[in-house]
Amino acid sequence: MKKELGYIGLGKMGKNMVFRLLTNNWKIVAYDTDEGSVKEVETQGAIGASGIKELVSKLSAPRTVWLMVPHKIVGEVVNELVPLLAKGDLIIDGGNSPYQESIKRSKELAKQGIEFLDIGVSGGPQGALDGACMMAGGKKELYDRLEAAGFFADTCVPKGFGYMGGAGAGHFVKMVHNGIEYGMMQSIAEGFDLMRHTKEFGNDFSLDLEKITEVYSHGSVITSSLVSWMHNGYKKYGKDLNEISGRASHLGEGKWTLEAGKRENISMPAIQTALGVREASQKNPSYQGKVVSTLRGEFGQHIVKRGDDEPEVL
C-alpha cells in the first residue's frame, strides 16, 4: 500500500489527523462540506476536492478512503462513494458508528467487491494531532496492509493501536471504551462534588481542587488523562465552574454500551448511573454535570453549554 489516502470529514479530529499525516509525508486528498476547512488543509500540503467525485478522481488505484463524519451520515456518504469506486478499493470508517451497522456495512460492501475496515479512534482532537489510539476491525490482511505502509506508526502513539477482530470489532471495542469513559467521568464528578462541600459538613479544609487534580495526576492510583483534563478545567474556570452549565450532554455511545450489555445479560450499574445522571441533569443541572461538561469540553472540544445554572446550595 502506498502512502496515499482520500479523507472525507475535516472536523475537530479529522483536520488534525490530516495535519499529522501530512507531516509524515502522506499524500492526502481531502474533502469537507466546509470549504474553509478544505482550504486550511491545502495550505499544509493536502490536495483539496470540491466533492466526493473529484476526491476519488484524484486518487490512484487501488484507492483507500477514510471517513471521519458523524455516524448518522456515514450511510449517505458511502452510498455516494461506492459507485465511484472499483473492486479492491478500501473504505475505512474512523468515526463512532454503531458496531452492528459496521458489521452490516462490511457485508453489503463485500458483495460489490469493496473492502471495509472499522477503526475506532480515541484521544480527541489533540490526540489526532499528537498521536491517537486506534482499534481496528475487519479483515486482518487489510489491517496488515495499513500497518506495513506505516499508517498506524504515523498516526498513533507507540503501541496505541491494534487489530481487534472481524468486521465491527473496532467500533465495538471503541463503544465499550466510551461507556467506560462515562463511568470514570462520573466518579470524578462525584468525588470533586464531595470535596467542594467540606464546609457544609463542618470540615473547613479550604480544599484547593485545582491543586488536588495536579497531585492526583502524579503517581496516584487514579492518575489519568481525565484527571489531568479536569486540572486544566479548574485552571480555566475555578473550583465552582461558574462559567459552565450543569446540564451534561452525551452523544449516545454510553447508551449503546448499555444496550449491548442488556443483550448479553451483563450488569453495568456504573455506566447506567453515569448515563442517568447526564439525562437527569437536563432538567436538574448540578455540579456533577458541570464537571462532566468541563471534561467533555477539555478532551473532546465538545460544545459546552455556558452559564451558571446550578441551584444555589442552601
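Everything here concerns the structure above.
Residues numbered from 1 in each chain as written. Predicted model: local features only at pLDDT ≥ 70, side-chain atom pairs only at ≥ 80, totals over all residues. Heavy atoms only, no water.

Caption draft 1: Summary view of the overall build of the protein chain. Of regular secondary structure, the protein chain possesses 14 helices and eight strands. The C-alpha extent of the protein chain, read off along each of the three principal axes, is 70 × 45 × 35 Å. Residue pairs at least 24 apart in sequence account for 68% of intrachain contacts in the protein chain once pairs closer than 6 positions are excluded. Roughly 15000 Å² of accessible area belongs to the protein chain as shown, and the carbon and sulfur atoms make up 53% of that amount. (Helix = DSSP H or I, 4+ residues; strand = E, 2+ residues; numbered from the N terminus. Contact = heavy atoms within 4.5 Å. Areas by Shrake-Rupley, 256 points an atom, 1.4 Å probe, with all protein chains shown as cover.)

Caption draft 2: A look at the nonpolar core. By size, the foremost hydrophobic cluster in this structure holds 32 residues, and its most contacted members are Tyr7, Ile28, Trp66, Ile119, Met134 and Phe151. Among the elements that line this core, the one with the most residues is helix α1 (residues 12-23), at five residues. Leave out the neighbours within four places in its chain, and Met134 touches Met17, Trp66, Ile119, Gly120, Val121, Phe151, Phe152, Thr155, Cys156, Gly160, Phe161 and Gly162. In terms of nonpolar packing, the next biggest core, distinct from the first, is built from 21 residues, Val56, Val69, Val78 and Val82 among them. (Core = buried A, V, L, I, M, F, W, Y, C linked by side-chain atoms within 4.5 Å. Buried < 20%, exposed > 50% of the residue type's maximum accessible area, 1.4 Å probe, protein only.)

Caption draft 3: Looking closely at the packing of aromatic side chains. Under the definition given, this model contains 11 aromatic pairs. Here Tyr7 and Trp66 contribute two aromatic rings whose centre-to-centre distance is 6.3 Å and whose plane-to-plane angle is 10 degrees, an arrangement assigned as stacked. Here Trp66 lies in strand β4 (residues 64-67) and Tyr7 lies in strand β1 (residues 4-8), a separation of 59 residues in the sequence. Residue Tyr7 is classed as buried on the basis of its relative accessible area, which comes to 0%. On the accessibility criterion, Trp66 (0% relative accessible area) is buried. Here the aromatic rings of Tyr143 and Tyr163 are separated by 5.6 Å at their centres, their planes lie at 45 degrees, and the arrangement is tilted. Of this pair, Tyr143 sits in helix α7 (residues 140-148) while Tyr163 sits in strand β8 (residues 156-165), and the two are 20 residues apart along the sequence. Classification of Tyr143 as buried rests on a relative accessible area of 5%. The residue whose ring lies beneath Lys140 is Tyr163, and the NZ or CZ to ring-centre distance is 5.7 Å. If you follow Arg278 out to its NZ or CZ, it ends over the ring of Tyr182, 3.9 Å from the centre. (Phe/Tyr/Trp six-rings, centres within 6.5 Å; stacked < 30°, edge-to-face > 60°. Lys NZ or Arg CZ within 6 Å of the ring centre and 35° of its normal.)

Caption draft 4: Main features of the sheet that holds β8. Taken together, eight strands build an open sheet; the order of strands is β3-β2-β1-β4-β5-β6-β7-β8 and the sheet is mixed. In the strand order of this sheet, the two ends are held by β3 (47-48) and β8, each with one partner. Here five bridges tie β1 to strand β2 (residues 27-31), and the two strands are oriented parallel to one another. Bridge pairing links Glu4 to Lys27 in β2. In this fold helix α4 (residues 74-81) packs onto β1, β4 and β5 (90-93), with an angle of close to 160 degrees to the strand it touches most, β4. Here helix α5 (residues 99-110) sits on the sheet in contact with β5 and β6 (115-122), set at roughly 155 degrees to β6. (Pairing = 2+ DSSP bridges. Axes fitted to C-alpha atoms, helices over the stretch in contact; angles between N-to-C directions.)

Caption draft 5: Highlighting helix α14 (residues 287-300). When the terminal C-alpha atoms of α14 are compared, their 20 Å separation across 14 residues agrees well with the 20 Å that a helix rising 1.5 Å per residue should span. With 14 of 14 residues buried, α14 lies mostly within the body of the structure. After α14 finishes, the residue Gln301 shows a positive phi value of roughly 55 degrees. (Expected span 1.5 Å × (residues − 1).)

Caption draft 6: Local environment of the pairing of β1. Extensive coverage of β1 is indicated by the burial of five of its five residues. Residues Glu4, Gly6 and Ile8 line one face of β1 and the alternating positions Leu5 and Tyr7 line the opposite face, and both faces are buried. One crossover worth recording links β1 to the parallel β2 by way of α1, and it is right-handed. (Right-handed = clockwise from strand over helix to strand, strands pointing away.)

Caption draft 7: Spotlight on the pattern of salt bridges. One pass over the full model with this rule turns up 10 salt bridges. Between Lys58 and Glu54 there is a salt bridge; the shortest N-O distance is 2.7 Å. Lys58 sits in the partly exposed class, given a relative accessible area of 30%. Glu54 sits in the partly exposed class, given a relative accessible area of 27%. One salt bridge in this structure joins Lys139 and Glu115, with 3.0 Å as the shortest N-O distance. Note that Lys139 is positioned in the loop between β7 (132-138) and α7 and Glu115 in strand β6, a separation of 24 residues in sequence. A residue is classified by how much of its surface remains accessible, and Glu115, at 18% relative accessible area, is buried. (Salt bridge = Lys/Arg side-chain N within 4 Å of Asp/Glu carboxyl O.)

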